[in-house]
Amino acid sequence: MRQTTATPSSRLDPEPVARRDFLGIASLASMLSAMLLAGIGMLRLPKAAVLPSASKKFSVQLPESLPLGSPYVPPGRNVAVFRDAKGVYAMSLVCTHLGCIVKQAPDGFECPCHGSRFAPDGSVSKGPAPKSLPCLRITAAGDKFIVDEEVSVPADTRVQA
Amino acid sequence: MSDQSRSDSALRKFFTDLTRAPRRIYEAAFRSGAPVTDRTRSGFVFNNVFLHLHPVRTHRWSLRWTTTLGLGMASTAAFLIALVTGVLLMFYYKPYPDVAYNSIKDIHFVVPTGRFIRNIHRWSANLMVLMVMLHMVRAFYTSAYRTPREFNWLVGMGLLVVTLGLSFTGYLLPWDQLAYWAITIGANIAQSPRELTDALGVTSVVDVGGLQRQLLLGSDTVGEEALIRFYLLHVMILPLLIGVLMAVHFWRIRKDGGLTRPADADERLEPRRPDVYPVFTEAPQKTYQLAAIVRGRSSAVGRGPENTVPSMPHLFYAELGVLMVTTLVCLALSLAADAPLKELANPGVPENPAKAPWYFLGLQELVSYSAFMGGVGLPAIAVIGLGLIPFLDREQLGSGAWFGGPGGRWLAFRSAAFGLGLTLAIEVFAIRFGWIREWYPHVPQLVITVINPGTILALGYAAYSLWLVKRYNSARSGAMGLFTCAMCGFVVLTVIGTYFRGPNWGFFWSPADWPTH
């Protein structure tokens, strides 16, 4: 038969969690959480809030003599601007695989780094590139055009001068 | 005694102490005296903060040159050479776009001995990568990762990754065409988890790839922010990290009972002489460490110091020998070939072909099918797989012997034949017939991410290795097959990427066949 009478607790009996252990664990936990928070705070620093790269919007003046369907690459930009029968459009020249700059080839574009090939409309025809070259938003502004590299538009979008 | 004579003797004592001061400074620094007896040789090691990472006594098996081939020490030596030459280069190097290129040019053409020092830095870095890899191969084939050395194998994996990181971050610093485009590709590989998140349509919510790239570059293009970040990683963060890991790695060797050796190493060295009595005849559960005999479950429990020799001079002289040979090789290579420096980085025109450093060209070959699988997925699987080896192979048969375990040398040879054959077959197929995108241009990217030469190779190796586990009824045999296949795959892909890939990553038998452009 089980003993049911509760033994009167004494100040000298061992506690389930010793007082000093509790204080020790609590202070250790507070130190670890403080260090964790500090660590997260420090990791926040390297993630830049403002990117130092040049503006992604720029204006282009197409040369009068630009033949239909041949690219005009504004100096310092990895974008080709074309004029065809239906209007003007801009296409990114940055390969969607690993960011090399594609070159125009007889049957479209080719990437020098890993051999991706793109059709003249930017769609992938060979190699590792996962996506087509995006067409970029272009708007007419007087006799110039404004290209926004950050906004892509459907491949058949054209603007009129 | 008169005042006069007392001051005389104090003065004499002052001058005597002054003449003895250099000797006493030396004795204060090195308390144990000249290492001429076994006792002072012990003190020489454990009284020295640097040397005490080593054991006081070394087993004679560890000193046979076929045990390690000196590869670990050669890695360390190459690191030390790169450290010294790297600090020297920092006198002139300026981490800012274009200025960086000019400062490297100054180092190359104007700074006294600059070209030589830069060559040594470049060669020692390459040598370090090679030695670290060979050291891992050695540790694997002698089963040196087995218990109680599992943790040190993991530290070794960390050292391999940091070594590659050090080498890769150094690649950008010259700011030439080679550097710029290798880092552009590298940063986009860091971004390649997008290939997966795009395919699943969750990039707008979870963009791991974009975050990695932005943290690495500090921008969305390779520019001044990227250069200073790579510089910081190269000269500060990674060297500190590798220093800590190296200290742990060396100290753990001692704590894990020295280098791994076969169970019958003592008999194979020589039979015990009749006048030598073992310290422990009953192999009690106690350990002979330094001078104390304590209970414990460290690997030295129950082992006496038989067949060990003092580390000073036997181990240290061997290490210094490897250091000298490594230095000699670096100097010879630096005299023979200059570190390359191409034209100034041009963000508008990629280098063609744009090749990563040689040890990444195997991955670049895989990346030319799928950026995510080749650049992130398969390397992660490889590192995790390597790390798991000691926890899956819990056997003891053949520890410490080259190609020990069921199957042995013959199994390694057959696995190499299988690995070489499979890798070559898939590469030949992919080079000859192309891959899925060429046959079905509109197939979803996810299909190619999952089915590409890299994943097929990994699956082939894994299947072969599982068959070996069954065939030999041994996890070690499976590990041997998998590791050997992976090494063969690495070698084949690296050789193809280095020698047989040209402009547009096309296949060419020789650079002489490259089209002019």
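Before any of the text, the structure's been laid out above.
Structure report, in brief. Within any chain, residue numbers begin from 1 and follow the written order of that chain's sequence. Labels follow written order: the first chain is A, the first ligand is 1, and so on. Thresholds applied to this predicted model are a pLDDT of at least 70 for local features of residues and 80 or more for the giving and counting of side-chain atom pairs; totals over whole chains, interfaces and linings are not thresholded and use all residues. Calculation of side-chain values draws on the structure's entire complement of heavy atoms; hydrogens and water are dropped beforehand.

**Points about the overall build of chain A**
Point 1. A run of H or I in DSSP counts as a helix once it spans at least four residues, and a run of E counts as a strand once it spans at least two, with each numbered from the N terminus. Within chain A, the regular secondary structure consists of 1 helix and 9 strands.
Point 2. Reading chain A from its N end, one meets helices and strands in the order α-β-β-β-β-β-β-β-β-β.
Point 3. For 161 residues, the compact-globule estimate of 2.2 N^0.38 gives 15 Å, and the C-alpha radius of gyration of chain A, at 32 Å, exceeds that figure by more than 25%.
Point 4. Dimensions of chain A, computed from C-alpha atoms along their principal axes, come out at roughly 105 × 35 × 30 Å.
Point 5. Classification of the 161 residues of chain A by burial places 33% in the buried group.
Point 6. Residues are treated as being in contact if the distance between any of their heavy atoms lies within 4.5 Å. Put simply, 34% of the contacts in chain A that link residues at least 6 apart link residues at least 24 apart. Only C-alpha atoms enter the radius of gyration; for comparison, a globular chain is expected to reach 2.2 Å times N to the power 0.38, where N is the number of residues. A 1.4 Å probe rolled over the protein chains alone gives each residue an accessible area, and that area as a share of the maximum for its type sets the label: buried under 20%, exposed over 50%, partly exposed in between.

**Observations concerning the interface of chain A and chain B**
Point 1. The interface is formed by 28 residues belonging to chain A together with 34 residues belonging to chain B.
Point 2. Computed with a 1.4 Å rolling probe, the buried area is the accessible surface lost when two parts are put together, summed over both parts. Summed over both partners, the interface of chain A with chain B comes to about 2,500 Å²; 57% of that surface belongs to carbon and sulfur atoms.
Point 3. Basic side-chain nitrogens of Lys or Arg form a salt bridge, by our definition, when they fall within 4 Å of a carboxyl oxygen of Asp or Glu. At the surface where chain A touches chain B, the tally comes to 2 salt bridges.
Point 4. The dominant element in the side of chain A that touches chain B, judged by the number of residues it contributes, is strand E7 (residues 124–126) of chain A, at 3 residues.
Point 5. Asp, Glu, Lys and Arg are counted as charged, while Ala, Val, Leu, Ile, Met, Phe, Trp, Tyr, Cys and Pro are counted as nonpolar; the rest, among them Gly, fall into the polar class. Looking at the side of chain A that touches chain B residue by residue, the class counts come to 14 nonpolar, 8 polar and 6 charged.

**A closer look at the packing of aromatic side chains**
All names here are of chain B.
Point 1. Aromatic rings from Phe, Tyr and Trp, with only the six-membered ring used for Trp, were paired whenever their centres fell within 6.5 Å, and each pair was classed as stacked if the ring planes differed by under 30 degrees, edge-to-face if by over 60, and tilted otherwise. Per the counting criterion, the structure on display carries 29 aromatic pairs over all chains.
Point 2. Ring geometry for Trp175 and Tyr180: centres 5.6 Å apart, planes at 85 degrees, overall edge-to-face.
Point 3. Centroid distance Tyr359 to Phe360: 5.0 Å. Interplanar angle 65 degrees. Geometry classified as edge-to-face.
Point 4. Given the relative accessible area of 3%, Tyr359 is considered buried.
Point 5. Since its relative accessible area comes to 18%, Phe360 is described here as buried.
Point 6. Put simply, the rings of Phe140, Tyr141, Tyr145, Trp153, Trp402, Phe403 and Phe483 touch in pairs and so form one group of aromatic residues.

**What about a nonpolar patch on the surface?**
Residues and elements named next belong to chain B.
Point 1. Note that patches include only residues with greater than 30% relative accessible area and no salt bridge, and the join distances are 9 Å for like charges and 5 Å for nonpolar side chains (Val, Leu, Ile, Met, Phe, Trp, Tyr). Per-residue and other accessible areas were derived by the Shrake-Rupley procedure at a 1.4 Å probe size, with only the shown protein chains allowed to occlude residues. Residues Leu200, Val202, Val205, Val206, Val208, Leu446, Val450, Ile451 and Ile456 make up a contiguous nonpolar surface patch of roughly 730 Å² in combined accessible area.
Point 2. Along the chain, the position of Val450 falls in helix H19 (residues 445–450).
Point 3. A residue is classified by how much of its surface remains accessible, and Val450, at 52% relative accessible area, is exposed.

**What about the pairing of strand E9 (residues 144–153) of chain A?**
Residue and element names in this part refer to chain A.
Point 1. When DSSP locates at least two bridges between a pair of strands, those strands are taken to pair. As judged from the 4 bridges shared by strand E1 (residues 57–60) and E9, these two strands associate in the antiparallel manner. Among the inter-strand pairings, Phe58 is bridged to a residue of E9, identified as Val147.
Point 2. Summarising the sheet, strand E8 (residues 135–141) and E9 pair through 7 bridges and their orientation is antiparallel. The residue of E9 that forms the bridge with Ala140 is Phe145.

**Concerning the nonpolar core**
Point 1. In this description, a nonpolar core means a group of buried Ala, Val, Leu, Ile, Met, Phe, Trp, Tyr and Cys residues linked to one another through side-chain atoms lying within 4.5 Å. Counting 91 residues, the largest nonpolar core has Phe140, Trp153 and Trp175 of chain B as the members making the most contacts within it.
Point 2. Counting residues per element, this core draws most heavily on helix H8 (residues 150–172) of chain B, which supplies 10 residues.
Point 3. Apart from residues lying up to four places away in sequence, Trp175 of chain B is in contact with Pro97, Asp98, Ala100, Tyr101, Tyr180, Val222, Gly223, Leu227, Leu344 and Ala345 of chain B.
Point 4. Grouped together as the second largest cluster of nonpolar side chains are 13 residues, Phe58, Leu66, Leu136 and Val147 of chain A included.

**So, the pattern of salt bridges**
Pairing is possible between side chains that carry opposite charge, provided their charged atoms lie close to one another.
Point 1. For the coordinates displayed, the defined rule picks out 20 salt bridges over all chains.
Point 2. Between Glu149 of chain A and Arg77 of chain A there is a salt bridge, and its shortest N-O distance comes to 3.1 Å. Here Arg77 of chain A lies in the loop between E1 and strand E2 (79–84) and Glu149 of chain A lies in strand E9, a separation of 72 residues in the sequence.
Point 3. Under the relative-accessibility criterion, Arg77 of chain A is labelled partly exposed at 21%.
Point 4. Note that Glu351 of chain B is salt-bridged to Lys342 of chain B, the shortest N-O span being 3.1 Å.
Point 5. For Glu351 of chain B, a relative accessible area of 11% gives the class buried.
Point 6. For Lys342 of chain B, a relative accessible area of 31% translates into the label partly exposed.
Point 7. Through salt bridges with shared partners, one network takes in Asp107, Glu110 and Arg117 of chain A.

**Focus on the packing of helix H11 (residues 208–217) of chain B against helix H12 (residues 224–255) of chain B**
Residue and element names in this part refer to chain B.
Point 1. All axes here are fitted lines through C-alpha atoms, helices being fitted over the stretch that makes contact, and every angle between N-to-C directions spans 0 to 180 degrees. Where H11 meets H12, the closest approach of the two axes is 7 Å, and the angle between their N-to-C directions is 80 degrees. Judged by the inter-axis angle, H11 sits roughly perpendicular to H12. Counting all contacts with H11, which are made through Gln214, Leu215, Leu216 and Leu217, the residues of H12 involved are Glu225, Ala226, Arg229 and Phe230.
Point 2. When the residues that make up the contact of H11 with H12 are grouped by side-chain class, the tally is 5 nonpolar, 1 polar and 2 charged. Roughly parallel refers to an angle under 35 degrees, roughly antiparallel to one over 145, roughly perpendicular to one between 65 and 115, and oblique to any angle outside these ranges.

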